[in-house]
Amino acid sequence: MKKENKKPDRNKSMYVVMSFFVLLFLGMIGYLCNFVNNHEQEMWNNSYNKRQEILASQNYRGSILAAGGEELAVTKVIGDEEIRTYPYAEKFSHVVGFCTQGKTGIESQANFYLIQSNIPLNEKVQNDIAGIKNPGDNVYTTLHVPVQEAAYKALDNYKGAVIVTEVKTGKIIAMVSKPDYDPNQITEIWQDLVEDKYSTVLLNRASQGLYPPGSTFKIITALAYIRQYPDTYTSYRYQCNGYYKKGDNRINCYHGTNHGSLDFTKSFAKSCNSSFANIGMQLDKSKFSDTLDTLLFNDKLPVSFLYSESKVEMNEELSDEAMIQTSIGQWKTQITPLHLNMITASIANGGIMMKPYLIDRVENAHGTVIKQFSPSANGRVMSSEEAEILTELMVNVVENGTATKLSGLNYTAAGKTGSAEYNNVKGDSHAWFTGFAPAEDPEICVTIIVEGAGSGGDYAVPMAKRIFNAWFDEQDSKN
Amino acid sequence: MYLLLSELSKYFITILLALYTLECFISFRFKKQKNNLFYVRQWIYIFAIQFFAFYTMYVKQPKLIAEAIGDYLNIKTENLEVASYIVFFLFIQLVFVLMISISLLLLENCNRLLLNNMCMLLGIGFIIQTRMSAYRAIKQLTMVIISLILALIIIGILGKIKHLPDFIHFYSVFGIGILAIVLVMGNITHGSKLSFSIAGLTFQPSEFIKLLFVFFLASALYEKTNFTNILFTAVIAGMHVIILVLSKDLGSALIFFVAYICIVFMATDNFGYLLLGIAGFCIASVVAYRLFYHVRVRVLAWQDPFAYIDKEGFQITQSLFAIGSGNYFGLGLFGGLPKDIPYVETDFVFSAICEEMGVIAGICILLICISSFIMMMNIGLHLKDEFLRLLSAGFAVIYIFQIFLTIGGGIKMIPLTGVTLPFISYGGSSLLTSIVLFYLVEWIYSRYCEEGGAPLEKGKQKA
């Protein structure tokens, strides 16, 4: 038969078709597993997914707790009603959020865990027979109540935000935003909150508020300068007359202060605008732009809660005016306290940026750990030498510069102040402070913005002091 | 205790299904063992899975089947909760037992793996259809019985026909004719002309025409594979595809197209034709994308379904919610909300299975389908008769590619095409086609054994 000869030949194509479909299906299985592994939470949390209601009918919502075990949000059952209560009320309003009227904060971020119940199967069955709901899983946050309270009190009646993170891990220790609201009253005050457009009470300013960074941005300008002139930056000299002029462009130092003869360290410590305008004009725009890119400007941040992207304009076409203004953190530059805190903490952490996070672990109702979150680095954003140089500069700000209100304590702080002008009227400036302590072996990093208060040195630095003290007191009381 | 057992049964089902799947693949290694009773073990798994699933459903929804039977037969079924479950469950098992024994009786040599896989997939279909609507499950059962009878009649007739390739013009003219009639006079469902009704029964002819199309290609190409012959088949295949595209039945159009490319490639063993086919496929895709709005919508909804979650992306996002919420072990029968997905009983039945029976169960189903495909191709590989070889390989391709389209669409790997999952999806046309397809392969296998071929699965070693 003629087919006898052809057969082995023709089977080649069948093997090709067979392998193709087998591989296609293996790929499909891989795709399916990848989807399940990486998107389960996202699928549960989507408000279009009605399966949340099934869980809500089976389980009580779990509690949200602080690192020390204090209850930040609990569900109380009174008769048939389940009432979500927030014992610390306003103090944790933005960071913990609420879960009626939509979900915000940790209530939204950890919703997936809070609505599940991981108690043993036999208990679930017993509860089912008895017709009672299962207790949901509890979420332990990274937040420290004493530090949060200190930050809340320090900010007083100002609008603004505070964010405190642990340098080596990226754990968020405190996160305050003002104006605030009482989450216990959310249903009653809801209408007022949504109608009140101007004070934007619901906005978490710590992660979503975009502010001009002002002089705090000089940290980044300084970094760019050190990178471009690694051998000569120490011999930098500038004579400040209270203003800087190039062509038609002129800027003044804060309050027109005449800083006199300055080197690099002193320019930074005194936060001399004129000197930094001069520094900025010597920077290579594309290299500066690269530095900004590594620091995640105009980019996504590695966090799993709501935030805003920081903005900066830096390219070869930038005018002198824009370049001068950008070097001192003005022009179109905008940053969130969260992002500034991440950059500062990277300096404290020897150049490695940690991913900030709020949820430490999830436990079932009996305290068995269901899921533990661990610190993770987002990558190196500067060399350890650069981090060391910047730390020295920031220590000098505290010892001899604009943040002397933090000096003479039993720990050494390092930081940078800022007084960011947000409109042209004189004196309208946001007070900034970003820094860490102890400078030798940094533990926490504090970033503060006080809206419309005035200078950072006068308003933000004293707040930082209270927050650092609260942290070190808490640490001392543990030992 | 009942509750605990029903909670645990989802794990039992997963384990049993995994064991069954394992046996499917072990069966390929038939040469190493003697008298292995793998198919008997597979029957036990099939039965046990059915048992646990119906037990769970009874614990969760005792009245489900009694009410459905009441509706279906228009009788009173109060106080018949347990009885109705037992009757329905046993009836399904009876159908399986009859199916297996009649097949073994009528076909001297029957491929056990394909037979078992058919039972397993039909069984999973009954479970998930019962969970979504017991009324539909009862209808599904009657359709399975009718399809089985028709399939046996069809292979009976085929056995009497001496030379099947002689009917080549019947295959093509009849196929194109029917598709054209649907295009002109068909009912419009969800914007596509897919079906027409005779005497209250709705048919979706593109399902059956697939089988005729494979017959046509095998008849045209089994002797001569010269260029003119290929060109002739290309014209006929093109007509099929164009009519389907005009009816907006994209899924079927794709299946015909891919089947054509694969069968020509396997008939000629010429990589040139394969490349030509792939090139043609790409061009056709681009043209369809540019030309048809409904193609663009599908692609858009696939690229970012969450952006169009209210409308175009609704189906696919609901499907993803179901799979994502179900995770590996599933939410348990009646533990989820599969009915939130539009057309869940037909196009998205896989997502419903993943949601309640778990993604592992879903993966097992994929593997069972792949083992069926490999077996069909394997039969083709061993056949000396070129016509039967092409038939078997062609059926294998249309079977597996349809599964890829429906599951790939449901998990957002590829855009949605709206085809059914063989044996599991609800619908008579789909069931009949799948069952006939498997019996055709069984018939080919028995012809192969008559030729004197060695068995292709373990346990039936020649003495």
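Draft legend 1. Up close: the interface of chain A and chain B. Every contact between the two is made by 39 residues of chain A and, on the other side, 58 residues of chain B. Between chain A and chain B, roughly 4800 Å² of surface is buried when both sides are summed, and carbon and sulfur atoms account for 74% of that area. Salt-bridge contacts for E355(B) lead to R51(A); the nearest nitrogen and oxygen are separated by 2.5 Å. Inspection of the chain A/chain B interface yields eight residue pairs in polar contact (both at pLDDT 80 or more). Counting residues per element, the side of chain A that touches chain B draws most heavily on helix 1 (residues 2-45) of chain A, which supplies 29 residues. For the side of chain A that touches chain B, the per-class residue count stands at 23 nonpolar, six polar and ten charged.

Draft legend 2. Structural context of a nonpolar patch on the surface. Residues F91(B), L94(B), L98(B), I102(B), L105(B) and L106(B) make up a contiguous nonpolar surface patch of roughly 590 Å² in combined accessible area. Mapped onto the secondary structure, I102(B) falls in helix 4 (residues 81-106).

Draft legend 3. Geometry of helix 10 (residues 250-268) of chain B. Between the first and last C-alpha of helix 10 of chain B there are 27 Å, a value that for 19 residues agrees with the 27 Å anticipated at 1.5 Å per step. Positive phi appears at D269(B), one or two residues downstream of helix 10 of chain B, with a value of about 60°.

Draft legend 4. Spatial organisation of the confidence of the model for chain A. Residues at a pLDDT of 70 or more form 96% of chain A, whose mean pLDDT is 86. In the model, residues 1-8 of chain A has pLDDT below 50 throughout and makes seven contacts with residues more than four positions away in sequence or in other chains.

Draft legend 5. The arrangement of the side chain of N116(B) in detail. Secondary-structure assignment places N116(B) in helix 5 (residues 112-132). Setting aside chain neighbours within four positions, we find N116(B) in contact with Y20(B), Y39(B), Q42(B), W43(B) and I46(B).

Draft legend 6. View of a negative patch on the surface. All names here are of chain A. On the surface, D290, D293, D299 and E309 cluster together into a patch of negative charge. Among the structural elements, D290 can be located in helix 13 (residues 285-294). Assessed through its relative accessible area of 48%, D290 is described here as partly exposed.

Draft legend 7. Structural context of the packing of helix 5 of chain B against helix 15 (residues 359-382) of chain B. All names here are of chain B. The geometry of helix 5 relative to helix 15 is characterised by a closest axis approach of 10 Å and an angle of 150° between their N-to-C directions. The orientation of helix 5 with respect to helix 15, classified from their angle, is roughly antiparallel. Crossing of helix 5 against helix 15: the hand is left-handed. For the pair helix 5 and helix 15, contact is made by L113, L114, N117, M120, L121 and I124 and by I365, I368, C369, S371, S372, M375, M376 and I379, respectively. Residue classes in the contact of helix 5 with helix 15 are distributed as eleven nonpolar, three polar and no charged.

Draft legend 8. Looking closely at the nonpolar core. F21(A), F395(B) and Y439(B) are the most contacted members of the largest nonpolar core, which has 184 residues in total. In terms of nonpolar packing, the next biggest core, distinct from the first, is built from 130 residues, A277(A), L283(A), I347(A) and L406(A) among them.

Draft legend 9. Highlighting the side chain of K218(A). All names here are of chain A. By secondary structure assignment, the location of K218 is in helix 10 (residues 218-228). For K218, a relative accessible area of 0% gives the class buried. Among the polar contacts made by the side chain of K218, one reaches the side chain of N273 at a distance of 2.6 Å. Here K218 is in contact with F268, S271, C272, N273, F276, S327, I328 and K416, once residues within four sequence places are set aside.

Draft legend 10. Structural context of the environment of S286(A). Residue and element names in this part refer to chain A. With respect to the helices and strands, S286 occurs in helix 13. Residue classification places S286 among the partly exposed positions, given a relative accessible area of 35%. In this structure, the C-alpha to C-alpha distance between S286 and E316, residues 30 residues apart in sequence, is 6.5 Å.

Draft legend 11. Looking closely at the pairing of strand 7 (residues 160-166) of chain A. Residues and elements named next belong to chain A. Taking burial as the measure, the seven residues of strand 7 include six buried ones, the bulk of the element. Pairing between strand 7 and strand 8 (residues 172-178): six bridges, direction antiparallel. The partner of G160 across the bridge, within strand 8, is K178. Once strand 7 ends, the chain turns through five residues before running back antiparallel as strand 8, passing G170 with a positive phi of about 85°. As judged from the seven bridges shared by strand 7 and strand 19 (residues 444-450), these two strands associate in the antiparallel manner. Bridge assignment links V164 to a residue of strand 19, and that residue is V446.

About the criteria used
- Residues numbered from 1 in each chain as written.
- Chains lettered and ligands numbered in written order.
- Predicted model: local features only at pLDDT ≥ 70, side-chain atom pairs only at ≥ 80, totals over all residues.
- Heavy atoms only, no water.
- Contact = heavy atoms within 4.5 Å.
- Buried area = accessible area lost by both parts, 1.4 Å probe.
- Salt bridge = Lys/Arg side-chain N within 4 Å of Asp/Glu carboxyl O.
- Polar contact = N/O pair within 3.5 Å; in protein donor to acceptor, adjacent residues only side chain to side chain.
- Helix = DSSP H or I, 4+ residues; strand = E, 2+ residues; numbered from the N terminus.
- Nonpolar A, V, L, I, M, F, W, Y, C, P; charged D, E, K, R; others polar.
- Patch = residues over 30% accessible without salt bridge, like charges linked within 9 Å, V, L, I, M, F, W, Y side chains within 5 Å.
- Areas by Shrake-Rupley, 256 points an atom, 1.4 Å probe, with all protein chains shown as cover.
- Expected span 1.5 Å × (residues − 1).
- pLDDT = per-residue confidence, 0-100.
- Lys, Arg positive; Asp, Glu negative; His and termini not counted.
- Charge placed at Lys NZ, Arg CZ, Asp CG, Glu CD.
- Buried < 20%, exposed > 50% of the residue type's maximum accessible area, 1.4 Å probe, protein only.
- Axes fitted to C-alpha atoms, helices over the stretch in contact; angles between N-to-C directions.
- Parallel < 35°, antiparallel > 145°, perpendicular 65-115°, else oblique.
- Left-handed = near helix turned anticlockwise from the far one by under 90°.
- Core = buried A, V, L, I, M, F, W, Y, C linked by side-chain atoms within 4.5 Å.
- Pairing = 2+ DSSP bridges.

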